[in-house]
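This is what each chain is made of:
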Amino acid sequence: MIFDGKIVKIDFSTLPSYYQYEISRYDYATHTTVYKGVWQADFVDTTVQDGKTYQYTVTPFFGERKGESVILPGVTTKRGETVVPEVPPDITQEEWWNK
């Protein structure tokens, strides 16, 4: 995940492509589902606002079966800066959809 001036980008290139994913974004005031659908190499959130801290969760699903949500590191937006948050959990080596 990276914040690059105006967007937050989450890289999914190493995740299994046969699952669908739901991405939720939280800040102190709101919870928003920003994507729900089939696998894509990355997700770009262009609706972030300057000076806010966001937390994202990714939940895999297959049909009606949902996996465990993974909480990504928080990111604080500051215009004009590129911020790489702390290293996210390694979800590609686990069967986290079975938990």
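Everything here concerns the structure above.
One structure accompanies this document, and this report is about it. As the structure is a computational prediction, the values presented were derived from the model and not from experiment.

### Focus: the packing of aromatic side chains
1) Next: A full pass over the atoms with the stated rule returns two aromatic pairs.
2) Next: Geometrically, the ring pair formed by Y19 and F62 is edge-to-face, given 6.1 Å between the ring centres and 80° between the ring planes. On the criterion of sequence distance, the pair formed by Y19 in the loop between β2 (8–11) and β3 (20–26) and F62 in strand β6 (residues 53–62) is long-range, its members being 43 residues apart.
3) Next: For Y19, a relative accessible area of 10% translates into the label buried.
4) Next: Measuring from ring centre to ring centre gives 6.1 Å for Y35 and F43, while their planes differ by 45°; the resulting arrangement is tilted.
5) Next: The aromatic ring of F61 is capped on one face by K36, whose charged end is 5.5 Å from the ring centroid.

### Concerning the pattern of salt bridges
1) Next: A full pass over the atoms with the stated rule returns five salt bridges.
2) Next: The partner of K36 in a salt bridge is E22, with the nearest N and O atoms 3.6 Å apart. One end of the pair, K36, is in strand β4 (residues 31–38); the other, E22, is in strand β3, with 14 residues separating them in the sequence.
3) Next: The class of K36 is exposed, set by a relative accessible area of 53%.
4) Next: Here K52 ties to D27 by a salt bridge, and the two come within 3.4 Å at their closest N and O atoms. Taken together, the residues K52 in the loop between β5 (42–45) and β6 and D27 in the loop between β3 and β4 connect sequence positions 25 residues apart.

### What to know about the side chain of T57
1) Next: As for its position among the elements, T57 is in strand β6.
2) Next: For T57, a relative accessible area of 9% corresponds to the buried category.
3) Next: Contact partners of T57, with chain neighbours within four places excluded, come to E22, I23, S24, Y26, V70 and I71.

### Digging into the nonpolar core
1) Next: Ranked by size, the top nonpolar core spans 18 residues in total, and within it V8, I10, F12, I23, Y56 and L72 carry the most contacts.
2) Next: Among the elements of the structure, β2, β3 and β6 are those that each provide at least two residues to this core.
3) Next: For this core, the element with the most residues is β6, which contributes three residues.
4) Next: When sequence neighbours within four positions are dropped, the list of residues in contact with I23 reads I10, F12, T32, T33, V34, Y35, F43, Y56, T57 and V58.

### Regarding the pairing of β6
Where a strand is regular, its side chains alternate between the two sheet faces.
1) Next: Most of β6 is tucked away, with seven of its ten residues classed as buried.
2) Next: In this sheet, β6 lies alongside β3 in antiparallel orientation, the contact comprising seven bridges. Each residue of the ladder has a partner; that of Q20, found in β6, is F61.
3) Next: As paired elements, β6 and strand β9 (residues 75–76) share two bridges and run antiparallel to each other.

So, how was this worked out
Residues numbered from 1 in each chain as written. Predicted model: local features only at pLDDT ≥ 70, side-chain atom pairs only at ≥ 80, totals over all residues. Heavy atoms only, no water. Phe/Tyr/Trp six-rings, centres within 6.5 Å; stacked < 30°, edge-to-face > 60°. Helix = DSSP H or I, 4+ residues; strand = E, 2+ residues; numbered from the N terminus. Buried < 20%, exposed > 50% of the residue type's maximum accessible area, 1.4 Å probe, protein only. Lys NZ or Arg CZ within 6 Å of the ring centre and 35° of its normal. Salt bridge = Lys/Arg side-chain N within 4 Å of Asp/Glu carboxyl O. Contact = heavy atoms within 4.5 Å. Core = buried A, V, L, I, M, F, W, Y, C linked by side-chain atoms within 4.5 Å. Pairing = 2+ DSSP bridges.

Such coordinate-based values are descriptive only and should not be taken to indicate function.
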